Amino acid sequence: MSSTTDASTGRAQIAARTLRTDRWWLPPLANAVGLAAWVAYATVRAFMQDYYYVPEYGYLTPFYSPCVSTGCVPEASHFGQILPDVWWLPYAAISLPFLLLFRLTCYYYRKAYYRAFWLSPPACAVAEPHKKYSGETRFPLIMQNLHRYFFYIAGLITLINLYDAIEAFFKPGGGFGLGLGNIILLVNVVLLFAYTLSCHSCRSGVGGRINHFSRHPVRYKMWTFVTKLNTRHMQFAWATLASLAITDFYIMAVSAGWITDLRIVG
Amino acid sequence: MAESTSHLHHFKVWRGDDEKGEIVDYPVEVNEGEVVLDIIHRLQATEANDLAVRWNCKAGKCGSCSAEINGRPSLMCMTRMNTFADDEPVTVTPLRTFPVIRDLVTDVSFNYTKAREIPSFEPPKDLAPGEYRMQQVDVERSQEFRKCIECFLCQNTCHVVRDHEENKENFAGPRYLMRIAELDMHPLDAADRQLDAQDEHGLGMCNITKCCTEVCPEHIKITDNALIPMKERVVDRKYDPLVWLGSKIFKRSGA
């Protein structure tokens, strides 16, 4: 029983779990639905092993980047083929788990899923249902402290996404090309950089951990820049979920022939 | 002359002590421009002369009139009545994390105990008082935390102690973890605070769900600017082998 509703400790005896009258349950519910829907879509797509590449224009979806399975079409494999082609192994199995861990240990997503799924707490001043609470002091949650390592890896993967986006301007058949797909890929990469660089671990690493900014003017500038981005970390977190899903869906739709790419040049 | 905009409002106020209590209904007059504390004072002056309430400045700067208004931890003096519809009942209860003394007054001594547990500023050994010199850019971060008025709304809202009385012993609460962060970022503080933050003051209990930030009447970004940076500093010391190795090789300290 929560201490909030249990008055044995001399607290005011109020049985209600909360006296809030606003719709406090809406944000956690919206987060739970949004995150669950995204994870469901991403899981289906990661294991689909199809419609991930548009050979005419060189579009590769970020869900299959880098495409390192022997099952990948050779043109999509910019970084070699080292993984066996089996149904249970996504073609980008060397990047996807780290991207998942980067977001799973992200300080923003932690807040979102602790509230939405674990109800700890569901909303401010609403009693949580758990009897015991040890926070992030024990396994497995103590592993949240490894966030910075996943940040380093996610940074490298974002560079690969950038490479993919630039590569797509050069059509596999030769010549420069520009279509709606290129713009979508590019916007997605810009948002991915914004999300990755606005990370709290990045903010600490570039300068937050030092106490004398005056002795480190360059790091202070970097910290100031990341701090500005960091205030929008939540917005970038959701914007990138949307942009990843839109990018992937667009490439799937073009690849499957449901729609044709809107071409501007070439 | 403008038409008078006073109306009768349905107030529900928790009345009781540490043994028993209940929410009591009061119809009470509300005038334009008033805040919840004004209405509580009107109740004291009219129907409930013995209503206990702690207050002081009526300007959101003393941190005395913390309570829960329609379940939301807030300062009574900073909650305007025009944020409620005329027919919307307003429930006022004492803070639910601390022992109640009477009516809306709670015993907040938990916070004083926690404050005493944080070691004070420790100047470098080679500097005498009067010789401290600091750059503005180096103390700017800490200055945000100095805006704290110690209303204890964050301490009251944090689910770590609000929902788990047993955690009170080992958890300093957001206000005092922020105090540790303030001192740890201080350019002249010589004390080693990072390991203690985790091991003695319970920083690891914080799951960064940001309710402290949400309720802060001074709008201090407690989670983003104090707790998470402090967690990252703890990782530097306790959980990151690379930073540890770097500090051994390059003999970096304090930077």
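Take the overall build of chain A next. In terms of regular secondary structure, chain A is built from eight helices and four strands. Each helix and strand of chain A, placed in order from N terminus to C terminus, yields the pattern α-β-β-α-α-α-β-α-α-α-α-β. With respect to the three principal axes, the spread of C-alpha positions in chain A is 75 × 50 × 35 Å. The 266 residues of chain A split such that 42% are buried. A fraction of 66% describes how many contacts in chain A between residues 6 or more apart in sequence connect residues 24 or more apart.

Okay, the packing of helix α5 (residues 180-197) of chain A against helix α8 (residues 233-255) of chain A next. Residues and elements named next belong to chain A. As a packed pair, α5 and α8 sit with axes 9 Å apart at the nearest point and diverge in direction by 155°. One finds that α5 runs roughly antiparallel with respect to α8. Between α5 and α8 lies a crossing whose hand is left-handed. Note on element contacts: α8 touches α5 through Phe236, Ala237, Ala239, Thr240, Ser243, Leu244, Ile246, Thr247, Tyr250, Ile251 and Val254, opposite Gly181, Ile184, Leu185, Val187, Asn188, Leu191, Leu192, Ala194 and Tyr195.

Nonpolar side chains tend to gather and get buried jointly when the protein is soluble and globular. One finds Val36, Met76, Val92, Leu177, Ala181, Leu227 and Met230 of chain B to be the most contacted residues of the largest nonpolar core, which totals 86 residues. Counting residues per element, this core draws most heavily on helix α9 (residues 222-239) of chain B, at seven residues. Leaving out residues up to four positions away in the same chain, Met230 of chain B has contacts with Leu177, Ile180, Ala181, Asp184, Ala197 and Leu203 of chain B. Leu60, Phe63, Val68 and Leu185 of chain A belong to the second largest nonpolar core, which has 25 residues in total.

All names here are of chain A. The end-to-end C-alpha separation of helix α4 (residues 147-167) is 30 Å, in line with the 30 Å expected for 21 residues at 1.5 Å each. The complete set of buried residues in α4 reads His147, Arg148, Phe150, Phe151, Ala154, Ile157, Thr158, Asn161, Asp164 and Ala165. In an axial view of α4, the angular spread of the buried residues amounts to 160°, which keeps them on one side of the axis.

All names here are of chain B. The strand order across the open sheet formed by five strands is β2-β1-β5-β3-β4, and the pairing between neighbours is mixed. If you trace the sheet from one side to the other, it starts and ends with β2 (21-30) and β4 (72-75), each paired once. Taking each pair of neighbouring strands and ignoring which way they run, the sheet shows an average axis angle of 35°. Set on the sheet, helix α1 (residues 36-45) makes contact with β1 (7-16), β2, β3 (66-69) and β5 (90-93); between it and β2 the angle comes to about 100°.

As a further point, take the interface of chain A and chain B. Each partner contributes to the interface: chain A provides 43 residues, whereas chain B provides 52 residues. Counting residues per element, the ones that place at least two in the side of chain A that touches chain B are α3 (107-116), α6 (200-208) and α7 (217-230) of chain A. Looking at the side of chain A that touches chain B element by element, the count peaks at five residues for α3 of chain A. Split by residue class, the side of chain A that touches chain B holds 13 nonpolar, 21 polar and nine charged.

All names here are of chain A. At their nearest, the axes of α6 and α7 sit 8 Å apart, and the two run at 160° to each other. Overall, the two elements α6 and α7 adopt an arrangement that is roughly antiparallel. Once α6 is placed against α7, the crossing between them reads as left-handed. Between α6 and α7, the residues in contact are His200, Cys202, Arg203, Val206, Gly207 and Gly208 and Arg219, Tyr220, Met222, Trp223, Val226, Thr227 and Asn230, respectively. Here the contact of α6 with α7 is built from residues that sort into six nonpolar, five polar and two charged.

Definitions and cut-offs
- Residues numbered from 1 in each chain as written.
- Chains lettered and ligands numbered in written order.
- Predicted model: local features only at pLDDT ≥ 70, side-chain atom pairs only at ≥ 80, totals over all residues.
- Helix = DSSP H or I, 4+ residues; strand = E, 2+ residues; numbered from the N terminus.
- Buried ≥ 20, exposed ≤ 12 C-beta atoms within 10 Å, placed from the backbone.
- Contact = placed C-beta atoms within 7 Å.
- Axes fitted to C-alpha atoms, helices over the stretch in contact; angles between N-to-C directions.
- Parallel < 35°, antiparallel > 145°, perpendicular 65-115°, else oblique.
- Left-handed = near helix turned anticlockwise from the far one by under 90°.
- Core = buried A, V, L, I, M, F, W, Y, C linked by C-beta atoms within 7 Å.
- Expected span 1.5 Å × (residues − 1).
- Arc of directions from axis to C-beta.
- Pairing = 2+ DSSP bridges.
- Nonpolar A, V, L, I, M, F, W, Y, C, P; charged D, E, K, R; others polar.

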